[in-house]
Amino acid sequence: EVLADRYILANILKECVEEFSAESISYIATTCIQGSPEISTVPVRADEEARLRLDGLNTEDVSLRESVIHYDIRFRAILPREGKPIKLIINVEAQNKFSPGYSLLKRAIYYCCRMISAQYGTVFTHSSYDDLEKVYSIWICTNPSAGWEYTITKYAMQERSLAGNARANPDEYDLIVPIMVCLGKKKYRELQGLFRLLNMVLMRQNRDDRNEVLNELKDNYNVVMTPNLEKGVAQMCNLSEGVYQDGVAYGLEQGRKLSEGIYQDGVVHGLEQGLEQGRKETVLALLREKMPLDLIVRVTTLSAEKIRDIGKLNGIL
């Protein structure tokens, strides 16, 4: 939700999308980003006739033969131009795992292809292929491998003549652009530009940094603060995937302590106890921050019933 704020998105578009590089943050946010960026949360069965749509876009891309695909953030952007405006479909993804067992870049390319094919019936019909809109899939990776830290990499289709010297208009083939934006482990005060902005709103900060972060967003990144954005940034200063990682680390440490001097079976038992304690500490931290139950379920992988029991036993629920 923080990432979907139109002024945060405007900063991303200005840095990553060449069509917006010369425009102001305010102009991109107020004029170019169309409607409210949609955060996809509702699953849609592939055989449903009525599908969720926003400004002619499926909020979830589905087919009869493939499982539902959720786009983190998806919206249309238009850049007014004399004669014919530039129309784009933008997808922004926040990714914590850089090596999830497959190539993220291939997944980004796949998302681009799906956004192209999904335009049939919404953007164009029959043989009106000239109406196809260019698509971007921007992946913001918070924990990349060392060689990718603090890099922004664009991939695009290019024309290369193999025989002769024929030339096509780039508008005819420059339609699919995946972009990888990789952060790292530095603190936001060590960074500049888009890396600093994304670190401030996506990476875990201290609670004492909240006002400093809010002021810098307003003063240095032209972000117009809203109650929702202020609340989101405040929660990010209190909570991130790091809370869960801290819980796991605590659990492992407790497991090591429990397992000292014990043989293998005891070590395994100690680690299991430590991990369980780590999950408990994470649940209590999230409950104290009044986080939604479904979020706690996703972060800790515990059942809703188990989470309620932990809260009741510790006087929180």
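J.: Any chance you could break down the overall build of the protein chain for me, citing the residues and the numbers?
T.: The helix and strand tally for the protein chain stands at 10 helices and 10 strands. Burial status across the protein chain gives 44% buried among its 317 residues. Restricting the contact set of the protein chain to residue pairs at least 6 apart, pairs at least 24 apart contribute 59%. For the protein chain, the exposed area adds up to about 17800 Å²; of that, 49% sits on carbon and sulfur atoms.

J.: Please give an account of helix α3 (residues 104-117) that cites residues and values.
T.: For α3, spanning 14 residues, the distance from its first C-alpha to its last is 20 Å, which sits close to the expected 20 Å at 1.5 Å a residue. Residues of α3 that are buried: Leu 104, Ala 108, Tyr 111, Cys 112, Arg 114, Met 115 and Ile 116. You can read the cap of α3 off the contacts: a side-chain oxygen lies 3.3 Å from the backbone nitrogen of Leu 105, and it is on Ser 103.

J.: Give a detailed account of the sheet that holds strand β9 (residues 151-154), specifying residues and quantitative values.
T.: Here we have six strands laid out as an open sheet, ordered β1-β6-β7-β8-β10-β9, and mixed in their pairing. A strand with exactly one partner marks an edge of an open sheet, and here the two such strands are β1 (33-38) and β9. Neighbour-to-neighbour, the strand axes of this sheet turn through a mean angle of 15 degrees, independent of strand direction. Along the sheet, helix α1 (residues 6-16) contacts β1, β6 (73-79), β7 (86-95), β8 (134-141), β9 and β10 (176-182); its crossing angle with β1, the most-contacted strand, is approximately 115 degrees.

J.: So what about the nonpolar core? Which residues, and what values?
T.: Judged by nonpolar contacts, the single largest core of 50 residues is most densely connected at Ile 12, Ile 138, Ile 140 and Leu 217. In contact with Ile 12, other than residues within four places in its own chain, are Leu 3, Val 17, Ile 138, Ile 140, Leu 194 and Leu 198. In terms of nonpolar packing, the next biggest core, distinct from the first, is built from 16 residues, Tyr 71, Ile 176, Met 180 and Cys 182 among them.

J.: Let's hear about helix α4 (residues 193-202): which residues, and what values?
T.: Among the 10 residues in α4, nine count as buried, and that is most of the element. Those residues of α4 not exposed but buried are Leu 194, Phe 195, Arg 196, Leu 197, Leu 198, Asn 199, Met 200, Val 201 and Leu 202.

J.: Please set out the pattern of salt bridges residue by residue, giving values where relevant.
T.: Using the criterion set out here, one finds 10 salt bridges in the structure. A salt bridge links Lys 134 to Glu 18; the nearest nitrogen and oxygen atoms lie 3.6 Å apart. One end of the pair, Lys 134, is in strand β8; the other, Glu 18, is in the loop between α1 and α2 (25-32), and 116 residues separate them in sequence. Glu 18 sits in the partly exposed class, given a relative accessible area of 43%. Among the salt bridges present, the one from Glu 133 reaches Arg 76, with a minimum N-O distance of 3.1 Å. Of this pair, Glu 133 sits in the loop between α3 and β8 while Arg 76 sits in strand β6, placing them 57 residues apart in sequence. Bridged by salt links that share partners, the residues Glu 18, Glu 19, Lys 134, Lys 154 and Asp 174 form one connected network.

J.: Let's hear about unusual backbone geometry: which residues, and what values?
T.: You will see that Tyr 150, though not glycine, has its phi angle at about 55 degrees, which is positive. Relative to the elements of secondary structure, Tyr 150 occurs in the loop between β8 and β9. Of the residues examined, Tyr 150 reaches a relative accessible area of 18% and is grouped as buried. Non-glycine residue Asn 222 carries a positive phi angle of around 55 degrees. Its location among the elements puts Asn 222 in the loop between α5 (210-221) and α6 (227-238). Judged by relative accessible area, which is 45%, Asn 222 ranks as partly exposed.

J.: Go over the side chain of Asp 5, please, and point to the residues and values.
T.: Looking at the element boundaries, Asp 5 is found in the segment before α1. Among buried charged residues, Asp 5 stands out as having no salt bridge; its nearest opposite-charge side chain is Arg 6, 7.5 Å away. Once you skip the residues sitting within four places of it in the chain, Asp 5 turns out to touch Val 223, Thr 226 and Leu 229.

J.: Explain the confidence of the model for the protein chain to me, and be specific about the residues and the numbers.
T.: Looking at the protein chain as a whole, the pLDDT averages 82, with 77% of positions reaching at least 70. Between residues 41-55, whose pLDDT stays under 50, and residues either more than four places distant or in other chains, the model counts 31 contacts.

Scoring rules and cut-offs
- Residues numbered from 1 in each chain as written.
- Predicted model: local features only at pLDDT ≥ 70, side-chain atom pairs only at ≥ 80, totals over all residues.
- Heavy atoms only, no water.
- Helix = DSSP H or I, 4+ residues; strand = E, 2+ residues; numbered from the N terminus.
- Buried < 20%, exposed > 50% of the residue type's maximum accessible area, 1.4 Å probe, protein only.
- Contact = heavy atoms within 4.5 Å.
- Areas by Shrake-Rupley, 256 points an atom, 1.4 Å probe, with all protein chains shown as cover.
- Expected span 1.5 Å × (residues − 1).
- Polar contact = N/O pair within 3.5 Å; in protein donor to acceptor, adjacent residues only side chain to side chain.
- Pairing = 2+ DSSP bridges.
- Axes fitted to C-alpha atoms, helices over the stretch in contact; angles between N-to-C directions.
- Core = buried A, V, L, I, M, F, W, Y, C linked by side-chain atoms within 4.5 Å.
- Salt bridge = Lys/Arg side-chain N within 4 Å of Asp/Glu carboxyl O.
- Lys, Arg positive; Asp, Glu negative; His and termini not counted.
- pLDDT = per-residue confidence, 0-100.

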